[in-house]
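One letter stands for each residue in the lines below.
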Amino acid sequence: MNTFLRKNIVMLVAVLVLSAFLIAAAQGMDKQDFVITLLRGLAVGSITFLVASGFSLIFGLLDVLNLAHGTLFMIGAYMGWTVVVRPDTFVDLLTPLALIVSGFALGDVYPLLASRIRLGLSMKRMLPWGLILVSILLFGFILPRYPIAIWDVGNYGQSPVIFAFMADSGTRLPVMPAAFTEISMPVALIGLLLASILGAFGISLFDGTPRTVHLSWRNFVSIAIALIVAVAGAAFNDSLTTFLYGLSSNWLFFTAVLVATLSGVALGGLMEATLIRPLYSRPIYQLMLTIGMSAIGIEMVRAIWGRPEFVMPKPAFFDGAGEACPATNFADWWANHCSTILLLDGRVRVYNEIFIPLVGLVVLISIWVLLQRTRLGMIIRAGVQDSQMVEALGINVRRVFTMVFALGVGLAALGGVLATPSMGLSNVMGESLLLNALIALAIGGLTSYPGAALGSVIVGMIQQFIIKYGQIGIAIPFTDIVFKPTPPLVPASTVMLMVIILLILPNGLLGKKE
Amino acid sequence: MENILDVQNIHTFIGQYHILQGVNVRVPKGSITALLGRNGAGKTTTLKTILGLTPPREGKVIYNGQEVNGLRSFDIASMGIGFVPEHRAIFRDLSVEENLKIAERKKGDYLRKRDFIFNLFPDLKRLITLSGTSLSGGQQQMLAIARALVPDNQLLLIDEPSEGLAPVIIEHMMSAIRELSKDSTVVLVEQNFLVASQLAEYYVIIEEGRSVQDGKMKDLAADKAAIHRFLGAA
Ligand SMILES: Nc1ncnc2c1ncn2[C@@H]1O[C@H](COP(=O)(O)OP(=O)(O)OP(=O)(O)O)[C@@H](O)[C@H]1O
Ligand SMILES: [Mg+2]
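Each value, and the rule that gives it
Residues numbered from 1 in each chain as written. Chains lettered and ligands numbered in written order. Predicted model: local features only at pLDDT ≥ 70, side-chain atom pairs only at ≥ 80, totals over all residues. Heavy atoms only, no water. Helix = DSSP H or I, 4+ residues; strand = E, 2+ residues; numbered from the N terminus. Rg over C-alpha atoms; globule rule 2.2 N^0.38 Å. Buried < 20%, exposed > 50% of the residue type's maximum accessible area, 1.4 Å probe, protein only. Areas by Shrake-Rupley, 256 points an atom, 1.4 Å probe, with all protein chains shown as cover. Lys, Arg positive; Asp, Glu negative; His and termini not counted. Charge placed at Lys NZ, Arg CZ, Asp CG, Glu CD. Pairing = 2+ DSSP bridges. Axes fitted to C-alpha atoms, helices over the stretch in contact; angles between N-to-C directions. Donors = N, O, S within 2.8 Å, 3.2 Å for Na, K, Ca; no water. Near = heavy atom within 4 Å. Polar contact = N/O pair within 3.5 Å; in protein donor to acceptor, adjacent residues only side chain to side chain. Nonpolar A, V, L, I, M, F, W, Y, C, P; charged D, E, K, R; others polar.

Description of the overall build of chain B
The helix and strand tally for chain B stands at 10 helices and 10 strands. Relative to the 2.2 N^0.38 estimate, which gives 17 Å for 234 residues, the radius of gyration of chain B is 17 Å and therefore close to what a compact globule would have. Dimensions of chain B, computed from C-alpha atoms along their principal axes, come out at roughly 45 × 40 × 35 Å. For chain B, the residues scored as buried account for 56% of the 234 residues in total. About 10,100 Å² of surface is accessible on chain B, with carbon and sulfur atoms providing 48% of the total. Taking the average place of the 27 positive charges on the side chains of chain B and the average place of its 27 negative ones, the gap between the two points comes to 2 Å.

Structure representation (structure tokens):
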């Protein structure tokens, strides 16, 4: 018992302080306000956790501070929105995106190919650049001519804002399907595949170390999947579109969550393999690169989806209204799928304040199981401490790096899409979330997984309680003064807390000493 | 005699620094070969260069007749080389058992080798659920060696196993190394000449990044002048 106390003293003190803070907070407000604020804190904490945990896994293992993480969160949100509001656009995008990724799925084959090529030294230097140039030219020629049915940011009546508004009110604007006119379909498909393979091969040549590769069918699984997706997307474009349009809003939302997460995974893998990997020996450049990626990502989102903010329709499962709503108990809620439920007389929004924390909890546990109970998790935990030693054991750490980067970005994208029905979509949603996540990690401990969870919940709680007190005011004892914290105090207070904690515990609450 | 490892004139740079400037090491199969030299001579760097952790800029590393310099570390290690680094590098967040399991190259390696390992280091058996951090220095060293024994390695690179250990533990360590050298070849970096001379059959002396002398350990042990000149030991 004694050793338990000594080992977990920080945790215990943190829990005590947190409970004291909660009890104090509860004194000044009604019971229902307190419950709702608590749940909102958990919800914000959950979304923050999805970003923070991926960020911290990536930083822990790869030593990469991925400052593009907030932007990737935002891209997840916009991807998910596209699936829900414009399934036809999503289906049109499926084929070109799968083809762009496909070349990189052949990663293990290129070293073998490279060892077969015998060239002079100067040609060897030129080859990767030549390949990449051809690849860029091909992409540049084909992509602008590839037919994709899409909204029009320049035309308000056809803008995402309108599509979002209509979808939210349950109707859909008619859309024109796009067709191959400027370029023939086989040329476009084969050209994209070729461009991807040439580009991926070119980039792989920068890593000059030869490899002994034992090819087996496993090396071809990923490209096979990519090609199947691409061909199916092209061949069954119409029926797939009709199918998605016919789905209920629940299944469509579920599809969106899946698609956003998977595109995050693919984007993360691609980003690590092409941009991050060549720079492991130059961490400063890597940092600058992620900052640049973040800016480019934001501009791309602005170019594609436009600057105005818009909404994401809530799945019907959480959007019921009418006589029986708000539900007073769970059975009632299940029968009517009310958007709100009464808890201790407070109206709680089911999606925002119950569903999101639940998903956060499920992810928390799944990743924990992955880390503690699987071989991959064991390698990650060991690699966080000493990736060179892991490699010296004969383990391909680089591949684990790619997987962790992909997983981290996937989690951020999942956070993005889950947040949209309550937060809506905006160009700056990523920035503020990344800031929250960084503060949460500084509080909890940069590379500690439980620390990421604890820090995120603390950040979420503090923000929500201060917002609430901004509305109802804090009655200062023994005076008539009612103090109302102003909105700028919300970020300021979390930063303050971070500073205080870092002064006492430089490694955060659960961080380990280096 | 057949050499399992043949390091030919390797030059290694760490950043700007030209650390190894011509190291040659030949390791006969089945032997224990000691790398000797003063602090900072380049012994650790030689081991890391063999494994590709600090790849050589020049020279060759030939393992089992195959040129491995330039390959990635995990590929080289997978060919059957085990590494027991300086300062042990036990994984703190892993239990003792996980520290062993992570070294598996084939499923079931750990189960197959478990008895052999616990026979060699009976202490480890009762520590199996503890975390890597809670071990003493000697136990960590045992675990580091045990970890290299989990897969079927033909060659073990062991860096300063006696460092910071009490004499009794060193004795135990030495008998363990003698025992495991029956199945695999060992390259041993050792500052303690007494330990090195009792274990190794061959030696290579490294001085300021160059291999300057090699031969049979029993000849060196008789040559007090050479020992004093190269190693500063009596
Ligand atoms: N990362 C590094 N950066 C710069 N110099 C280094 C680095 N690592 C090692 N060196 C230098 O390379 C030389 C050889 O180091 P190495 O660790 O191989 O020596 P060693 O023979 O193992 O010494 P010891 O007995 O102290 O372990 C030393 O002079 C050391 O200062
Ligand atoms: Mg050394």
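Here the narrative resumes, following the displayed structure.
Overview of the sheet that holds strand β10 (residues 210-216) of chain B
Residue and element names in this part refer to chain B. Judged by pairing direction, the sheet is mixed, and its 6 strands sit side by side in the order β6-β7-β8-β3-β9-β10 without closing on themselves. In the strand order of this sheet, the two ends are held by β6 (81-84) and β10, each with one partner. The average angle at which neighbouring strand axes cross in this sheet is 15°, direction not considered. Examined bridge by bridge, β6 and strand β7 (residues 155-159) share 4 bridges and lie parallel to one another. Its bridge partner lying in β7, Phe83 is registered against Leu157.

Some thoughts on the coordination of the magnesium ion (ligand 2)
All names here are of chain B. Here the magnesium ion (ligand 2) is held by the protein donor atoms Thr44 (OG1) and Glu86 (OE), which lie 1.9 to 2.2 Å from it. You can see Thr44 sitting in helix α1 (residues 43-51) and its partner Glu86 sitting in the loop between β6 and α3 (96-101), a full 42 residues away along the chain. Residue Thr44 is classed as buried on the basis of its relative accessible area, which comes to 17%.

Focus: the site of ligand 1
Residue and element names in this part refer to chain B. In the region of ligand 1, 14 residues are neighbours, and Lys43, Thr44, Thr45, Glu86 and Gln191 sit closest. One of the side-chain N or O atoms of Asn39 is found 3.2 Å from an oxygen atom in ligand 1. In this structure, an oxygen atom belonging to ligand 1 sits 3.2 Å away from a side-chain N or O atom of Glu160. Coverage of ligand 1 by the protein chains reaches 60% of its 630 Å² of free accessible surface. Residue assignment for the shell around ligand 1 shows that the elements contributing at least two residues are β2 (17-28) and α1. When its residues are assigned to classes, the shell around ligand 1 shows 4 nonpolar, 6 polar and 4 charged.

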